[in-house]
Amino acid sequence: MQPLIDNARAFGQRPEEFADLAAGQSPDVLFITCSDSRVVPALITGARPGELFELRTAGNIVPPYASQRPTGEAATIEYAVEVLGVRDIVVCGHSHCGAVGALVRGDDLTAVPAVRAWLAHAAARPAGGAEDPEVAEGVQSHVLTQLLRLRSYPCVERRLAEGRIALHAWYYEVHTGAVRTHRPQTDTFEAL
């Protein structure tokens, strides 16, 4: 913890670098990814403060939209689309994902009931072999499922119909740093 504290102290010693951020934010991209500590959106994309609006959830799950019982995830998506006017949404899964791996393997999650309940939002069990430590096929399948779920959000559906937003499915390899994007024409994940 001490190195993190030391960096936080030094970080606050450069207020002139951040003064413009007080005027507000206008990110172009909503980046939905896993809460895994090995996935760092700004590092992956090179984004500076104010350039990405982030939503991080275990397993980069986009829960079903329910206006009568809103979730923090739904509120974040709606705010990004309706208020900030993001033009792109990226759903980024990653290799070696514990959440997707648990789904693919059918792990017993009795000891972690909140995790089990959260993963129930993932929809169908992702494809892929349980023996693959990268769970590449499972994660890629899962990302596409979450992208479909995202399309059902009224604000996203409306902006898609108007041609004012684009959706992207990414797969990040934590062991190489490579990023792949889904190409609908070939239904494959290829290098960016």
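For clarity, every value in this text was computed on a predicted model and none was experimentally measured.

Cut-offs and rules
Residues numbered from 1 in each chain as written. Predicted model: local features only at pLDDT ≥ 70, side-chain atom pairs only at ≥ 80, totals over all residues. Heavy atoms only, no water. Pairing = 2+ DSSP bridges. Helix = DSSP H or I, 4+ residues; strand = E, 2+ residues; numbered from the N terminus. Axes fitted to C-alpha atoms, helices over the stretch in contact; angles between N-to-C directions. Contact = heavy atoms within 4.5 Å. Core = buried A, V, L, I, M, F, W, Y, C linked by side-chain atoms within 4.5 Å. Buried < 20%, exposed > 50% of the residue type's maximum accessible area, 1.4 Å probe, protein only. Salt bridge = Lys/Arg side-chain N within 4 Å of Asp/Glu carboxyl O. Left-handed = near helix turned anticlockwise from the far one by under 90°. Nonpolar A, V, L, I, M, F, W, Y, C, P; charged D, E, K, R; others polar.

**Things to note about the sheet that holds strand β5 (residues 179–183)**
- If you trace the 6 strands from one edge of the open sheet to the other, you get β2-β1-β3-β4-β5-β6, paired in mixed fashion. Every interior strand has two partners, whereas the edge strands, β2 (52–57) and β6 (188–191), have only one. Here the average twist between neighbouring strands, direction ignored, is 30°.
- Across 3 bridges, the pairing between strand β4 (residues 166–172) and β5 is antiparallel. Counted as the bridge partner of W170 is T181 from β5.
- Its contacts with the sheet put helix α6 (residues 136–151) on β1 (29–34), β3 (88–94), β4, β5 and β6, and the angle it makes with β4 is roughly 160°.

**So, the nonpolar core**
- Formed by 39 residues in total, the largest nonpolar core has its most connected members in L30, I32, I77, I89, L150 and V156.
- The contacts of I77, once residues within four sequence positions are left out, are L30, I32, L55, V62, L150, Y153, C155 and V156.
- Listed in part, the 10 residues of the second largest apolar core include A47, L52, V90 and V179.

**A short note on the pattern of salt bridges**
- For the structure shown, the criterion picks out 9 salt bridges.
- Close ionic contact of R38 with D36 constitutes a salt bridge, the shortest N to O distance being 2.7 Å.
- The shortest N-O distance in the salt bridge between R183 and E190 comes to 3.7 Å.
- Overlapping salt bridges bring together E82, R158 and R159 as one network.

**Focus on the packing of helix α3 (residues 72–83) against helix α7 (residues 154–162)**
- Look at α3 against α7: their axes get within 9 Å of each other, and the N-to-C directions meet at 35°. Our pair here, α3 against α7, has a crossing hand that is left-handed. Here α3 contributes I77, E78, V81 and E82 to the contact with α7, which in turn contributes C155, V156, R158 and R159.
- Each residue belonging to the contact of α3 with α7 can be placed in one class, and the counts come to 4 nonpolar, no polar and 4 charged.

**Points about unusual backbone geometry**
- Although it is not a glycine, N60 sits at a positive phi angle of roughly 40°.
- Inspection of the secondary structure puts N60 in the loop between β2 and α3.
- Accessibility expressed as a relative area gives 1% for N60, which makes it buried.
- Despite not being glycine, H96 shows a phi value in the positive range, around 60°.
- Here H96 falls in the partly exposed class, since its relative accessible area comes to 26%.

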